2 protein chains.
Amino acid sequence: MLTRIDHIGIACFDLDKTVEFYRATYGFEVFHTEVNEEQGVREAMLRVNGTDDGGASYLQLLEPIREDSTVAKWLAKNGEGVHHIAFGTADVDGEAEAVREKGVRVLYDEPRRGSMGSRITFLHPKDCHGVLTELVTSAPSRH
Amino acid sequence: MLTRIDHIGIACFDLDKTVEFYRATYGFEVFHTEVNEEQGVREAMLRVNGTDDGGASYLQLLEPIREDSTVAKWLAKNGEGVHHIAFGTADVDGEAEAVREKGVRVLYDEPRRGSMGSRITFLHPKDCHGVLTELVTSAPSRH
């Protein structure tokens, strides 16, 4: 069961400038930053609100750290904008298997490490009406 | 103050098929449907979770009803996908004025009618790092 919008992933060319835009314009503050070497990005999580499943919803700002990362290629094609959306679930393994059985392509054989110690997988956008969709199970106590 | 991710707006070619995808794949049910003649769309709101400001987060699926609607033009250029994101606030008038004063272009002089009796405005994506951004104040008691 998917119980929340966990985050909206936004690709940007310059993380520091984009963080500053969200802070100056709306007052959103950085909750967490990290580099994900596997995904080839550095990222900032801005917490927007808590959710009634005990989690929270974030904006995830993503800047590529390598030209061959998927986010770098996406930016080169599309420019800055919404890169993906992510739904939170208590059971990313079970959800991934369930959607795979429904014929939706799941991009990883097994969930991988996401932001803040979460476990994540992605669904193929062509099977999701054009939306790159992430499923995420948060690490305990990281809201 | 922006207190929640109110919704993610997703443009699609066929609303019924897209609603069915979200139902069959994730179990999301339609919370509300309407036609917005002014925006030139018919839409379905799928409620994902409640939020700690007393509101909720939705997916808003949008199908154009006129070829000259902005969503129709967007779909012709981009194909299906995330069209905009929306932040909830108790005071869309005040927030719109505040961001305007910071140099962000606000697309409407005054907020207009959005989903479920809400009042909305949009911020120019070129001023928001590529993200078409909506600000929305819900009608009372519509969560």
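Keep in mind the model is a prediction, meaning the values are calculated, not measured.

1. A closer look at the interface of chain B and chain A
Next, step 1: Facing the 38 residues of chain B at the interface are 38 residues of chain A.
Next, step 2: Between chain B and chain A the total buried area reaches about 3,100 Å² when both faces are included, carbon and sulfur atoms providing 67% of it.
Next, step 3: By the criterion of area lost to chain A, the three top residues of chain B are Ile5, Tyr26 and His129 of chain B, representing 22% of everything that side buries.
Next, step 4: Put simply, chain B and chain A have zero salt bridges between them.
Next, step 5: Run the count over chain B and chain A and you get 12 residue pairs in polar contact (both at pLDDT 80 or more).
Next, step 6: Looking at the side of chain B that touches chain A, the elements that each hand over two or more residues are β1 (2-11), α1 (15-26), β3 (41-50), β4 (56-64) and β5 (81-89) of chain B.
Next, step 7: It is α1 of chain B that contributes the most residues to the side of chain B that touches chain A, seven residues altogether.
Next, step 8: In terms of residue class, the side of chain B that touches chain A is made up of 20 nonpolar, 11 polar and seven charged.

2. Examining the pairing of strand β7 (residues 119-123) of chain B
All names here are of chain B.
Next, step 1: Burial analysis of β7 places four of its five residues in the buried class, which makes it a mostly covered element.
Next, step 2: Across two bridges, the pairing between strand β6 (residues 112-113) and β7 is antiparallel. Following the sheet pairing, Arg112 is matched in β7 by Ile120.
Next, step 3: Counting the residues between successive antiparallel strands, the hairpin from β6 to β7 contains five residues, one of them, Met116, with a positive phi of roughly 60°.
Next, step 4: Summarising the sheet, β7 and strand β8 (residues 133-137) pair through five bridges and their orientation is antiparallel.

3. Digging into the side chain of His129 of chain B
Next, step 1: With respect to the element layout, His129 of chain B can be found in the loop between β7 and β8.
Next, step 2: With a relative accessible area of 19%, His129 of chain B lands in the buried category.
Next, step 3: Within the structure, His129 of chain B has its side chain in polar contact with the side chain of Thr18 of chain A (distance 3.4 Å).
Next, step 4: Every residue in contact with His129 of chain B, bar those within four places of it in the chain, is listed here: Lys17, Thr18, Phe21, Glu80 and Gly81 of chain A.

4. With respect to the pattern of salt bridges
Residue and element names in this part refer to chain B.
Next, step 1: Evaluation of the coordinates by the stated rule reveals 22 salt bridges over all chains.
Next, step 2: Of the charged contacts in the structure, one is a salt bridge between Asp53 and Arg4, with a shortest N-O distance of 2.8 Å. In this pair, Asp53 is assigned in the loop between β3 and β4 and Arg4 in strand β1, connecting sequence segments 49 residues apart.
Next, step 3: In this structure, the salt-bridge partner of Glu63 is Arg42, at a minimum N-O distance of 3.4 Å. One end of the pair, Glu63, is in strand β4; the other, Arg42, is in strand β3, with 21 residues separating them in the sequence.
Next, step 4: Relative accessible area serves as the criterion here: at 26%, Arg42 is assigned to the partly exposed category.

5. Comments concerning the state of the cysteines
Next, step 1: Enumeration over the complete set of coordinates arrives at zero disulfides over all chains.
Next, step 2: Among the cysteines around Cys128 of chain A, which has no disulfide bond, Cys12 of chain B carries the closest sulfur, lying 13 Å off.
Next, step 3: A residue is classified by how much of its surface remains accessible, and Cys12 of chain B, at 0% relative accessible area, is buried.

6. Focus: helix α1 (residues 15-26) of chain A
Residue and element names in this part refer to chain A.
Next, step 1: Between its first and last C-alpha, α1 extends 16 Å over 12 residues, near the 16 Å set by a 1.5 Å rise per residue.
Next, step 2: Regarding α1, the residues found buried are Leu15, Thr18, Val19, Phe21, Tyr22, Thr25 and Tyr26. Along α1, the residues classed as buried sweep out an arc of 155° about the axis, all on the same side. Along α1, the residues that are exposed and aim more than 90 degrees away from the buried face are Asp16 and Lys17.
Next, step 3: The N-terminus of α1 is capped by Asp14, whose side-chain oxygen sits 3.1 Å from the backbone nitrogen of Asp16.
Next, step 4: Just downstream of α1, Gly27 is the residue with a positive phi angle, here 85°.

7. A few points about the side chain of Asp127 of chain A
Next, step 1: Within the secondary structure layout, Asp127 of chain A lies in the loop between β7 (119-123) and β8 (133-137).
Next, step 2: Sequence-distant contacts of Asp127 of chain A, defined by excluding residues within four places in its chain, comprise Gly103, Val104 and Arg105 of chain A together with Phe21 of chain B.

8. Describing the sheet that holds strand β4 (residues 56-64) of chain A
Residue and element names in this part refer to chain A.
Next, step 1: The strand order across the open sheet formed by eight strands is β2-β3-β4-β1-β5-β8-β7-β6, and the pairing between neighbours is mixed. Each end of this open sheet is capped by a strand with a single partner; those strands are β2 (30-36) and β6 (112-113).
Next, step 2: Here strand β1 (residues 2-11) runs beside β4; their pairing, made up of five bridges, is parallel. Directly across from Ile10, in β4, lies its bridge partner Leu61.

9. Quick word on the UniProt feature "domain: VOC" (unreviewed entry) in chain A
Next, step 1: UniProt records the feature "domain: VOC" (unreviewed entry) for residues 4-138 of chain A in the present numbering.
Next, step 2: Regarding residues 4-138 of chain A, the helix share stands at 23% and the strand share at 41%, and the terminal C-alpha atoms are separated by 11 Å.

About the criteria used
Residues numbered from 1 in each chain as written. Chains lettered and ligands numbered in written order. Predicted model: local features only at pLDDT ≥ 70, side-chain atom pairs only at ≥ 80, totals over all residues. Heavy atoms only, no water. Contact = heavy atoms within 4.5 Å. Buried area = accessible area lost by both parts, 1.4 Å probe. Salt bridge = Lys/Arg side-chain N within 4 Å of Asp/Glu carboxyl O. Polar contact = N/O pair within 3.5 Å; in protein donor to acceptor, adjacent residues only side chain to side chain. Helix = DSSP H or I, 4+ residues; strand = E, 2+ residues; numbered from the N terminus. Nonpolar A, V, L, I, M, F, W, Y, C, P; charged D, E, K, R; others polar. Buried < 20%, exposed > 50% of the residue type's maximum accessible area, 1.4 Å probe, protein only. Pairing = 2+ DSSP bridges. Disulfide = S-S within 2.5 Å. Expected span 1.5 Å × (residues − 1). Arc of directions from axis to C-beta. UniProt positions renumbered as here; feature names shortened; annotations may be inferred.

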